[in-house]
Amino acid sequence: MDIKEKIKQIEEQIENTVKEIKSSRTAQEIKMKFLGKSGEISSLMKNMRDVPPEERPNMGKLLNALRQWTEERFDKLESGLKTIELAKRYADEKIDVTMPGQVAPDGAYHPTTLVTRELIDIFLGMGFEIFEGPEIENDYYNFTALNTPKDHPARDMQDTFYLAENLLLRTQTSSGQIRVMENKKPPIKILSPGKVYRSDDDATHSPMFSQLEMLVVDKGLTLCDLQGMLDEFVKKIFGREVKTRLRPSYFPFTEPSVEVDVSCFECGGKGCRLCKGTGWIELGGAGMVNRRVLAGCGIDPDEYTGFAFGLGIERIAMFKYGINNIKLLYEGDTRFLKQFKG
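In this text, all values refer to a predicted model and were calculated from it rather than measured experimentally.

Asker: Could you give me a rundown of the overall build of the protein chain, with the residues and numbers involved?
Answerer: A tally of regular secondary structure across the protein chain gives 11 helices and 10 strands. Taking 20 Å as the expected radius of gyration for a compact globule of 342 residues, we find that the protein chain reaches 38 Å, considerably beyond that expectation. Its C-alpha atoms put the protein chain at 115 × 55 × 35 Å along the principal axes. Counting over 342 residues, the protein chain shows a buried share of 42%. Contacts spanning at least 24 positions in sequence make up 65% of the contacts within the protein chain whose residues lie at least 6 apart. On the protein chain, roughly 19700 Å² of surface is accessible, and the fraction owed to carbon and sulfur atoms is 51%.

Asker: Give a description of the sheet that holds strand 7 (residues 244-251) that names residues and reports values.
Answerer: Spatially, the 7 strands line up as an open sheet ordered 1-5-6-10-9-8-7, and their pairing is mixed. Each having just a single partner strand, strand 1 (129-130) and strand 7 make up the two edges of the open sheet. Helix 7 (residues 175-183) contacts strand 5 (188-197), strand 6 (208-218) and strand 10 (305-312) of the sheet and is inclined by roughly 35° relative to strand 6. The strands touched by helix 10 (residues 313-321) are strand 6, strand 9 (280-289) and strand 10; relative to strand 10, the strand with the most contacts, the crossing angle is about 55°.

Asker: Outline the sheet that holds strand 3 (residues 162-164), supporting the account with residue identities and numerical values.
Answerer: Read across the open sheet, the 3 strands follow the order 2-4-3; overall the sheet is antiparallel. Strand pairing shows two members of the sheet lacking a second neighbour, strand 2 (136-138) and strand 3, which therefore form its edges. Strand-to-strand twist in this sheet, taken as the mean axis angle between neighbours without regard to direction, amounts to 35°. In the sheet, strand 2 pairs with strand 4 (residues 167-169) via 3 bridges, with the strands oriented antiparallel. When the bridges of strand 4 are listed, isoleucine 136 appears paired with leucine 169.

Asker: Describe in detail the pairing of strand 7, supporting the description with residues and values.
Answerer: In this structure, strand 7 lies alongside strand 8 (residues 254-263), joined through 7 bridges in antiparallel fashion. Counted as the bridge partner of threonine 244 is valine 262 from strand 8. If you look at the hairpin formed by strand 7 and strand 8, you'll find 2 residues sitting between the two strands.

Asker: So what's going on with a nonpolar patch on the surface? Which residues, and what values?
Answerer: Side chains of Ile136, Leu163 and Leu167 sit close together on the surface and give an oily, nonpolar patch of about 260 Å² of accessible area. With respect to the secondary-structure elements, leucine 167 resides in strand 4. For leucine 167, a relative accessible area of 36% translates into the label partly exposed.

Asker: Talk me through the packing of helix 1 (residues 3-18) against helix 4 (residues 56-92); I want residue IDs and the actual numbers.
Answerer: It is at 11 Å that the axes of helix 1 and helix 4 come closest, and there the two elements cross at 5°. What the angle tells us is that helix 1 and helix 4 run roughly parallel. Where helix 1 abuts helix 4, its residues Ile3, Lys4, Ile7, Ile10, Glu11, Ile14, Glu15 and Val18 lie against Asn58, Met59, Leu62, Leu63, Leu66, Trp69, Thr70, Arg73, Phe74 and Leu77. Taken together, the residues of the contact of helix 1 with helix 4 sort by class into 12 nonpolar, 2 polar and 4 charged.

Asker: Residues and numbers for unusual backbone geometry, please.
Answerer: Here the residue pair proline 186 and proline 187 is connected by a cis peptide bond, since its omega of 5° sits within 30 degrees of zero. For the bond from glutamate 255 to proline 256, the omega torsion is 0°, close enough to zero to count as cis. Mapped onto the elements, proline 256 comes out in strand 8. With a phi angle near 65°, asparagine 147 is a residue other than glycine that sits in the positive phi range.

Asker: How would you summarise the layout of surface pockets if you had to cite specific residues and measurements?
Answerer: Taken as a whole, the second largest pocket encloses approximately 160 Å³ of empty space. Looking at the second largest pocket, it is lined by 13 residues, and the ones nearest its centre are Thr112, Thr113, Thr116, Lys195 and Ser210. Those elements that place two or more of their residues in the lining of the second largest pocket are helix 5 (111-125), strand 5, strand 6 and helix 10. In terms of residue class, the lining of the second largest pocket is built from 5 nonpolar, 6 polar and 2 charged.

Asker: So, the environment of tyrosine 197: which residues are in play, and what are the values?
Answerer: For tyrosine 197, the location among the structural elements is in strand 5. For tyrosine 197, a relative accessible area of 13% gives the class buried. Separated by 127 residues in sequence, tyrosine 197 and asparagine 324 place their C-alpha atoms 21 Å apart. Among residues more than four places away in sequence, those in contact with tyrosine 197 are Glu135, Phe161, Leu169, Arg170, Thr171, Pro207 and Met208.

Thresholds applied
Residues numbered from 1 in each chain as written. Predicted model: local features only at pLDDT ≥ 70, side-chain atom pairs only at ≥ 80, totals over all residues. Heavy atoms only, no water. Helix = DSSP H or I, 4+ residues; strand = E, 2+ residues; numbered from the N terminus. Rg over C-alpha atoms; globule rule 2.2 N^0.38 Å. Buried < 20%, exposed > 50% of the residue type's maximum accessible area, 1.4 Å probe, protein only. Contact = heavy atoms within 4.5 Å. Areas by Shrake-Rupley, 256 points an atom, 1.4 Å probe, with all protein chains shown as cover. Pairing = 2+ DSSP bridges. Axes fitted to C-alpha atoms, helices over the stretch in contact; angles between N-to-C directions. Patch = residues over 30% accessible without salt bridge, like charges linked within 9 Å, V, L, I, M, F, W, Y side chains within 5 Å. Salt bridge = Lys/Arg side-chain N within 4 Å of Asp/Glu carboxyl O. Parallel < 35°, antiparallel > 145°, perpendicular 65-115°, else oblique. Nonpolar A, V, L, I, M, F, W, Y, C, P; charged D, E, K, R; others polar. 1 Å grid on protein atoms, 1.4 Å probe; cavity = no way out; pocket = protein on both sides within 12 Å on 5 of 7 lines; lining within 4 Å. Points joined across faces, edges and corners; volume = space filled by probe spheres on them.

Read these as layout, nothing more, since geometry by itself doesn't imply function.
In structure tokens, the structure reads:
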């Protein structure tokens, strides 16, 4: 085909095409179809080598004129479309400042957060300091330093999530006790709240839950000091009429070890559904820090003694707010959470 005829054909094709273009983006894409490196006009220019030498100057002028006309045609079209699109965007995004606003409802603290804050306030009032250890812990701090060596049967009590041979998600905040005792001389009085992880899942247990650990190390401490502090704690969290009792138990890092019960704050110890008719509710584990644990941290067990107490924060929240399934605390259901709005 003659180049002049091809130029005329391209001009007609462009005029017919621009009538169908509805957006600036489409205009830019079609423009490149004609003017891009592999476009139709660029291809014509590459074919100039086939034109006889005496005709090349004239053909070059025609092709340059075509390129310039095409650029101007599409630039004008694109500019007009962008003006229309911008006006439409302004209209769509226009805000009527006279309309009443949509007020977002106030949120509420999660029950676990409420209980955690209350517990921390109580122990801060008793002179405790807060220590938060790492959630990814090594085997030494989580087990070995707490008098739980590799072959100890107590490890079977805690189904552990291992990340590597000696790296795990901590099963207890007790690991923080070791970190503090290794780096601080007595007297020590710390509270360690945080998330812990165990392979356990039912209506009253979760693979992840919150725990609070309390540790006191000083000269002359006895089990009576532990119970005295627990008495004061439960009265502040559950009411002045609530009492505590200690039952013999076993934990590798305390000796003697005890389970801590509180008199049922629902029925006053008479027996009800909450306390399963016993009049008592199990609160957590406690005991005097094992001499081996103290010695392993560089603390002389002949000079110092200590006591520790641990509890599940979600357990306290379930008692305090009458929650019968621990999973409600993790589902994020706003219908449940809004009940705790103050």
